[in-house]
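Structure at a glance
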Amino acid sequence: MADKMKAAVFEAVKVIKVKEVPIPEIGDDEVLIKVKNTGICGTDWSIYNGWYSSDKLPMIPGHEFSGVLAKVGRNAKGLKEGDRVTADINMSCGHCYYCMQGDHLLCNEFTQLGIHTDGTFAEYVKARASLVHQLPDSLSFEEGAFIEPLSCCIHAAKAMNARVGGSVAIVGCGLGVLHARMAVLRACAPVIIVGDNKKRLRIAKEMGADYTIDINEVADPVAEVKKLTDGRGVDYAIEAVGTTKTYEQAFAMLRKGGVLSAFGITGEMDTMQIRPFEFVLGEKKITGSCAGIGDDWPDAIALLAHKRIDPKPLFSMKVPLEDLEWALHELRKDPNLFKIFVSPEISQREVL
Ligand SMILES: [Zn+2]
Ligand SMILES: [Zn+2]
């Protein structure tokens, strides 16, 4: 095997260079994965702009991925070269206070592959063998690269723990579309999604959402949600945009005793206004969730493999590594694009 590979290195803020770098060396407890696809995520845009993880530059981002095992460490049990895989990106220390509680996402030494360490906008990536998940034959490498974002939605859904028959409003039609599908699967009703993009709202409707609210047409989405729930507000609201305004809207959509699922990532120092009264006399609650981890991954694989969730309407295109920077900008410009995959194995853009 050659010792060099092609990678899209984020050299500094807003500087990406596709170049040859050494193929990662693996330890006994690690594997080397030949990358097939990597989905571009909002986090990659944040790293590109220096809003997140900028202290780690230069680095190779990319964390929503699928691939094939190219090399297997001595202690990697049950894995062999050629296996089709993805890997849980969340690495915890296993011995801090939070890890002992089982809260691995809160680990004091928490790192994520492709966000804090080199990731998958490259021909090869190394990962901990214990975090590798096999892909069923029925899953494509595109679907395999969609397990990570789906696992995040699953984690949030488990934290929110909606009851059968409960009403749900989702603010945001990016991953909000998946949240809507998940609410339908949990037998919630009605499921209402609020967003700014007709195509995505239509996909959410096709996935089972009962009502779509297009904020280009409706001035007050909170009033609209109240109208759809006998003036009460919803049992559950999911914020999946990540702005103070949409957080305040999602919270205002709740009925008394309702639960807000905090999913969208705001600026680190952003603050929202909530009256403590809402928690005391209103008994409202908030559940937070920052990633999918552990059993969220096999659960995501099961939902995809058994077609409970069909993400294909969300797949837009596949581009070569050289087009990653173009694609990052294009995703900002064209709201009809949803998931763009980057593949080190192609040399021309493909529409999916
Ligand atoms: Zn992501
Ligand atoms: Zn820990």
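Residues numbered from 1 in each chain as written. Chains lettered and ligands numbered in written order. Predicted model: local features only at pLDDT ≥ 70, side-chain atom pairs only at ≥ 80, totals over all residues. Heavy atoms only, no water.

**A few points about the overall build of the protein**
Helix and strand counts for the protein stand at 11 helices and 18 strands. By the compact-globule yardstick of 20 Å for 352 residues, the protein fits well, its C-alpha radius of gyration being 20 Å. Long-range pairs, those at least 24 residues apart, make up 67% of the contacts in the protein with a sequence separation of at least 6. Carbon and sulfur atoms make up 51% of the accessible area of the protein, which amounts to about 16,000 Å² in all. Between the averaged position of the 41 positive side-chain charges in the protein and that of its 47 negative side-chain charges there is a distance of 4 Å. (Helix = DSSP H or I, 4+ residues; strand = E, 2+ residues; numbered from the N terminus. Rg over C-alpha atoms; globule rule 2.2 N^0.38 Å. Contact = heavy atoms within 4.5 Å. Areas by Shrake-Rupley, 256 points an atom, 1.4 Å probe, with all protein chains shown as cover. Lys, Arg positive; Asp, Glu negative; His and termini not counted. Charge placed at Lys NZ, Arg CZ, Asp CG, Glu CD.)

**A few points about the pairing of strand S10 (residues 168-171)**
Side-chain direction in a regular strand flips from residue to residue, so the side chains alternate between the two faces of the sheet. Going residue by residue along S10, you find Val168 and Ile170 tucked away on one face and Ala169 and Val171 tucked away on the opposite face as well. What joins S10 to strand S11 (residues 191-195) is helix H5 (residues 176-185), and the crossover it makes is right-handed. (Buried < 20%, exposed > 50% of the residue type's maximum accessible area, 1.4 Å probe, protein only. Right-handed = clockwise from strand over helix to strand, strands pointing away.)

**Side note on the coordination of the zinc ion (ligand 1)**
For the zinc ion (ligand 1), every protein donor is listed as Cys41 (SG), His63 (NE2) and Glu64 (OE), and the spread of their distances is 2.2 to 2.4 Å. In the primary sequence, the donor residues of the zinc ion (ligand 1) line up as C-x21-H-E. Remark: Glu64 occurs in strand S4 (residues 64-72) and Cys41 occurs in the loop between strand S3 (30-39) and helix H1 (42-48); sequence separation between them is 23 residues. Both residues of the pair, Cys41 and Glu64, belong to the buried class. (Donors = N, O, S within 2.8 Å, 3.2 Å for Na, K, Ca; no water.)

**As for the coordination of the zinc ion (ligand 2)**
Those protein atoms acting as donors to the zinc ion (ligand 2) are Cys93 (SG), Cys96 (SG), Cys99 (SG) and Cys107 (SG), and they sit at 2.3 to 2.4 Å. Classification of the site at the zinc ion (ligand 2) rests on its four donor atoms, whose angles at the metal span 103 to 116°, yielding the label tetrahedral. All donors to the zinc ion (ligand 2) come from one chain, and their sequence spacing reads C-x2-C-x2-C-x7-C. Note on accessibility: Cys99 and Cys107 belong to one class, buried. (Tetrahedral: all angles 85-135°; square planar, octahedral: opposite > 155°, others 65-115°.)

**Some thoughts on empty space enclosed by the protein**
This structure, assessed with the given rule, holds one cavity of 30 Å³ or more. Computed from the structure, the largest cavity encloses a volume of approximately 60 Å³. Forming the walls of the largest cavity are Ala156, Ala157, Met160, His179, Met182, Ala183, Arg186, Ile238 and Ser261. Counting only elements with at least two residues in the lining of the largest cavity, the list comes to helix H4 (147-160) and H5. Class assignment for the residues of the lining of the largest cavity results in six nonpolar, two polar and one charged. (1 Å grid on protein atoms, 1.4 Å probe; cavity = no way out; pocket = protein on both sides within 12 Å on 5 of 7 lines; lining within 4 Å. Points joined across faces, edges and corners; volume = space filled by probe spheres on them. Nonpolar A, V, L, I, M, F, W, Y, C, P; charged D, E, K, R; others polar.)

**As for the layout of surface pockets**
Taken as a whole, the second largest pocket encloses approximately 290 Å³ of empty space. Taken together, 18 residues line the second largest pocket, and the ones lying closest to its centre are Pro24, Thr117, Asp118, Val125 and Lys126. Per-element tally for the lining of the second largest pocket: the top contributor is strand S8 (residues 124-128), with five residues. For the lining of the second largest pocket, the per-class residue count stands at 11 nonpolar, two polar and five charged.

**Notes on the domain arrangement of the protein**
When cut into domains, the protein gives domain 1 (4-146 + 311-351) and domain 2 (153-288). For domain 1 versus domain 2, the distance between C-alpha centres works out to 29 Å. Listed as interface residues are eight residues of domain 1 and, on the opposing side, 11 residues of domain 2. At the boundary of domain 1 with domain 2, the tally comes to zero salt bridges. The interface formed by domain 1 and domain 2 contains four residue pairs in polar contact (both at pLDDT 80 or more). (Domains from an automatic or database assignment. Salt bridge = Lys/Arg side-chain N within 4 Å of Asp/Glu carboxyl O. Polar contact = N/O pair within 3.5 Å; in protein donor to acceptor, adjacent residues only side chain to side chain.)

**Observations concerning the sheet that holds S11**
One open sheet holds the six strands; their spatial order is S12-S11-S10-S13-S14-S15, and the pairing between them is parallel. Each edge of the sheet is formed by a strand with only one pairing partner; in this case those strands are strand S12 (211-214) and strand S15 (285-288). Sheet twist, expressed as the average angle between the axes of neighbouring strands with direction ignored, equals 20°. Contacts from helix H6 (residues 198-206) reach S11 and S12, with the element oriented near 170° to S12. Its contacts with the sheet put helix H8 (residues 244-252) on S10, strand S13 (234-239), strand S14 (254-262) and S15, and the angle it makes with S14 is roughly 145°. (Pairing = 2+ DSSP bridges. Axes fitted to C-alpha atoms, helices over the stretch in contact; angles between N-to-C directions.)

**Considering the packing of aromatic side chains**
A full pass over the atoms with the stated rule returns eight aromatic pairs. Consider the rings of Phe10 and Phe121, whose centres lie 6.5 Å apart with planes at 0°: the pair is stacked. Placement of the pair is Phe10 in strand S1 (residues 4-12) and Phe121 in the loop between strand S7 (111-112) and S8, with a sequence separation of 111 residues. Classification of Phe10 as buried rests on a relative accessible area of 1%. Ring centres of Phe315 and Phe341 lie 4.9 Å apart, and the angle between their planes is 85°; this geometry places the pair in the edge-to-face category. In this pair, Phe315 sits in strand S16 (residues 315-320) while Phe341 sits in strand S17 (residues 339-343), placing the two residues 26 residues apart along the sequence. Each member of the pair Phe315 and Phe341 is classed as buried. By the ring-pair criterion, three or more aromatic residues cluster together here, those being Phe10, Trp45, Tyr48, Trp51 and Phe121. (Phe/Tyr/Trp six-rings, centres within 6.5 Å; stacked < 30°, edge-to-face > 60°.)

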